[in-house]
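# An overview of the molecular structure
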Amino acid sequence: MKITKVRSFVAGDIRNFLFVVVETDAGILGIGEGGISGREVATAGFVHELSHSLIGQDPMRSEHLWQTMFRGGFFPAKGVGAAALSAIDIALWDIKAKALGVPLYQLLGGLVRDRVVCYPHIAGDTETLASKARQKVAEGWRFVRFDLPSEGELFEPTVAVRRGIEDVQAVREAVGPDTEIIIDVHTRLDPSDAITLCRGLERFRMFFVEDPVRCEDADALARVRRATSVPLAMGEQHATKWEFRPLIEGKLIDFARMDLCIIGGFTEALKVAGWCETHYIRCAPHNPIGPVSTAACLQLDLATSNFAVQELPFPPGTFLKELFPVQVPFEAGHLLAPTLPGLGIELDETALDRYPPLPHRESRLYRADGTFANW
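Our subject in this report is the structure included herewith. (Residues numbered from 1 in each chain as written. Predicted model: local features only at pLDDT ≥ 70, side-chain atom pairs only at ≥ 80, totals over all residues. Heavy atoms only, no water.)

### Re the overall build of the protein chain
The helix and strand inventory of the protein chain stands at 11 helices and 15 strands. Computed over C-alpha atoms, the radius of gyration of the protein chain comes to 20 Å, within 12% of the 21 Å expected from 2.2 N^0.38 for 375 residues, which places it in the range of a compact globule. Expressed as lengths along the three principal axes of its C-alpha atoms, the size of the protein chain is roughly 60 × 45 × 45 Å. Counting only residues that meet the buried cut, the protein chain has 57% of its 375 residues in that class. Restricting the contact set of the protein chain to residue pairs at least 6 apart, pairs at least 24 apart contribute 70%. (Helix = DSSP H or I, 4+ residues; strand = E, 2+ residues; numbered from the N terminus. Rg over C-alpha atoms; globule rule 2.2 N^0.38 Å. Buried < 20%, exposed > 50% of the residue type's maximum accessible area, 1.4 Å probe, protein only. Contact = heavy atoms within 4.5 Å.)

### Observations regarding the sheet that holds strand β3 (residues 29-34)
The strands making up a sheet associate through backbone hydrogen bonding, with each pair oriented either parallel or antiparallel. The strand order β1-β2-β3 describes an open sheet built from three strands, whose pairing is antiparallel. The open sheet terminates on both sides in strands that have one partner only, identified here as β1 (3-12) and β3. On average, each strand axis in the sheet is inclined to that of its neighbour by 20°, with strand direction left out of account. Bridge count between β1 and strand β2 (residues 16-24): nine bridges; the pairing is antiparallel. Residue pairing across strands places isoleucine 3 opposite threonine 24, the latter belonging to β2. Relative to β3, helix α11 (residues 291-302) is tilted by about 100°, and along the sheet it contacts β2 and β3. (Pairing = 2+ DSSP bridges. Axes fitted to C-alpha atoms, helices over the stretch in contact; angles between N-to-C directions.)

### Description of unusual backbone geometry
In this structure, threonine 240 takes a positive phi of about 75° despite not being glycine. Mapping threonine 240 onto the fold places it in helix α8 (residues 240-249). The class of threonine 240 is buried, set by a relative accessible area of 2%.

### Overview of the packing of helix α2 (residues 62-71) against helix α10 (residues 265-277)
Packing of α2 against α10 brings their axes to within 9 Å, and their N-to-C directions diverge by 100°. What the angle tells us is that α2 and α10 run roughly perpendicular. Counted together, Ser62, Glu63, Trp66 and Gln67 of α2 and Thr267, Glu268 and Lys271 of α10 form the full contact between these two elements. Grouping the amino acids of the contact of α2 with α10 by side-chain chemistry returns one nonpolar, three polar and three charged. (Parallel < 35°, antiparallel > 145°, perpendicular 65-115°, else oblique. Nonpolar A, V, L, I, M, F, W, Y, C, P; charged D, E, K, R; others polar.)

Listed below in structure tokens is the structure:
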């Protein structure tokens, strides 16, 4: 079996999505997804550049092809390049499992759990968050997650920290002691403000605080780590195991937020997950995008012993339904093990014209003096 074509397309629904299709001379197609939102066209261009090294190759050689794509140019495939590589790698693993006629998790070691617990996103003011949290628990979810608050495009750290603590208190009172709570800072705080937030949250038994500081400097995260007992999660912006190294080796995180559609697909995610296990770090994969990402995360979660919880803001079947008429099974806050070969989803490209790309839009946050704040 040989690769005959690699192509990508952008589809718009609740947001834009970048998908990759890898074709083979055996008639087996693999599907992948790139994870850097807002940079779909750039990712598609990188997919095209990588395709030159893949035509005529055996798709079963996923490790060899990963190394070829990452190291094939003088500059390593990072950033948008890593997203392109990830999409192709996921598609290659999809092909491999389809060729063998098994769900992809069978190639990752087989099931270690029967279902995958997930967390939804909720949003709103303090009262609304409490109400939505109660509703999610009633629907069967065991977790709730929400952002550190802003006022539209205005983000003032001191105000956000105070209101964030108030939000968590209200949600904890609403759902009781057994529901897990996650708050996402989105890397918007400096270390001193992040420490104030985390210390203020310690009494509420957080499951974790996500991305308390920016990702570029592991020392900043280390400062927060030393100052609080709150579990910390980070890694969604990291590509490849090398970027995860200081977080893992420094024991700076309790949960690895790797994104299969950025980190390098299954080939790299498996290495990071195993590395995390040796340091007692659990995996909570990042997944804010499409049905392919959800299916890929599910396959990894089902076969990973140190898995913790799966992000799932968009349950299967709630969007891109005609483009992906078959999506992975979901029930009461849990993804279930699919039985179809490969990723367990099906693509209908004849429906693509119903999902034209959305106009480009940049998200922005500002402080009161007009200073740009990290989105």
